Amino acid sequence: QVQLVESGGGLVQAWDSLKLSCAVSGRTFSRLAMGWFRLAPGKEREYVAMTTRSGGSTSYADSVKGRFTISRDNAKNTVYLHMNSLKPEDTAVYYCAASSRYGEVRAGAEYEYWGQGTQVTVSS
C-alpha cells in the first residue's frame, strides 16, 4: 500500500519561505509522478505543482509560478515544495499526491494516492 506523509507546514508571515516535504513508501518512487495540491476554506482544491517521474519536467499553477519550486529526491523517496515570497492567499492545507501516469499530470483525478495534508498559514 502506498503511503504519503507530508511535513513542514506551519504559521509564517507574508514574504517568508517554507519547505514542505512528502515521504513516499510502498511503491517504487521513481515510477510515480508527484504533485502538490492545496485546499483553502471555501474554495475548491487547486493544483499547485507537479514533477514527472524522473524529475526532468515540472509544471506550476500560474498563481505560484516564480515563487514555488517542486523538486524530488528519488534516492530518498521524497518530493519537496519550496515556497518563497508567501502571501496570505497561499494559506491552505497542502496535499501531496502520486500518480502512476507518464508525463505531466495536473488533474487531481489522475492521482491515485494522496497524503493526509499539512496546514500552511500565512499571516499578513
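Each chain has its residues counted from 1, running along the sequence as written. Residues qualify for local features only when their pLDDT is at least 70, as the model is predicted, and side-chain atom pairs are given and counted only at 80 or more; totals for whole chains, interfaces and linings, by contrast, use all residues. Side-chain descriptors were evaluated using all non-hydrogen atoms of the structure, hydrogens and water having been removed beforehand.

*Asks:* Outline the nonpolar core, supporting the account with residue identities and numerical values.
*Replies:* Met 34, Trp 36, Leu 81, Met 83 and Tyr 94 are the most contacted members of the largest nonpolar core, which totals 36 residues. Segments assigned H or I by DSSP are reported as helices when at least four residues long, segments assigned E as strands when at least two residues long, and all are numbered from the N terminus. Those elements giving two or more residues to this core turn out to be β3 (18-25), β4 (33-39), β5 (46-51), β7 (68-73), β8 (78-83), β9 (92-99) and β11 (118-123). In terms of residue count, β9 provides more of this core than any other element does, five residues in total. With residues near it in sequence (within four places) discarded, Tyr 94 still touches Glu 6, Leu 20, Trp 36, Phe 37, Arg 38, Val 48, Phe 68, Leu 81, Met 83, Gly 117, Thr 118 and Val 120. Residues grouped as a nonpolar core are buried Ala, Val, Leu, Ile, Met, Phe, Trp, Tyr and Cys residues, joined through side-chain atoms within 4.5 Å. Relative accessibility decides the category of a residue: with a 1.4 Å probe and only protein chains considered, values under 20% of the type maximum give buried, values over 50% give exposed, and everything between is partly exposed. A contact between two residues is defined here by any heavy atoms of the two lying within 4.5 Å.

*Asks:* Any details on the packing of aromatic side chains? Residues and values, ideally.
*Replies:* Planes of paired rings set the category: under 30 degrees apart is stacked, over 60 is edge-to-face and the rest tilted, where pairs are Phe, Tyr or Trp rings (Trp by its six-membered ring) whose centres lie within 6.5 Å. With the rule as written, the count across this model stands at four aromatic pairs. The interplanar angle of 55 degrees and the centroid separation of 5.0 Å between the aromatic rings of Phe 37 and Trp 114 together place this pair among those described as tilted. Within this pair, whereas Phe 37 is found in strand β4, its partner Trp 114 is found in strand β10 (residues 113-114), the two being separated by 77 residues in sequence. Taking the relative accessible area as the measure of exposure, Phe 37 reaches 2% and is therefore buried. Taken together, Phe 37, Tyr 47, Tyr 111 and Trp 114 form an aromatic cluster joined through their ring pairs. Across the ring face of Phe 29, the terminal group of Arg 72 is positioned such that the distance to the ring centre comes to 4.3 Å. Any Lys NZ or Arg CZ found within 6 Å of a ring centre and within 35 degrees of that ring's normal is scored as a charge over the ring.

*Asks:* Before we move on, can you summarise the pattern of salt bridges with the specific residues and values?
*Replies:* By convention in these notes, a salt bridge is any Lys or Arg side-chain nitrogen within 4 Å of a carboxyl oxygen on Asp or Glu. All told, the structure shown has six salt bridges when counted by the stated rule. Of the charged contacts in the structure, one is a salt bridge between Arg 38 and Glu 46, with a shortest N-O distance of 2.7 Å. The buried category is assigned to Arg 38, whose relative accessible area is 5%. For Glu 46, a relative accessible area of 28% gives the class partly exposed. Glu 110 is the salt-bridge partner of Arg 101, the closest N and O atoms lying 3.7 Å from each other.

*Asks:* Describe the sheet that holds β7, with residues and values.
*Replies:* Two modes of strand pairing occur in sheets, parallel and antiparallel, and in both the strands are linked by backbone hydrogen bonds. Strand pairing is defined by DSSP finding a minimum of two bridges between the two strands. With antiparallel pairing, the four strands of this open sheet are ordered in space as β1-β3-β8-β7. The sheet terminates laterally at β1 (3-7) and β7, the two strands that pair on one side only. Pairwise comparison of adjacent strand axes, ignoring direction, gives a mean angle of 15 degrees for this sheet. Judged from the six bridges that link them, β7 and β8 form a sheet pairing that is antiparallel. In the sheet register, Ile 70 faces β8, and the bridge partner there is Leu 81. Between N-to-C directions, angles cover 0 to 180 degrees, with each direction set by a line fitted to C-alpha atoms, over the stretch in contact for helices.

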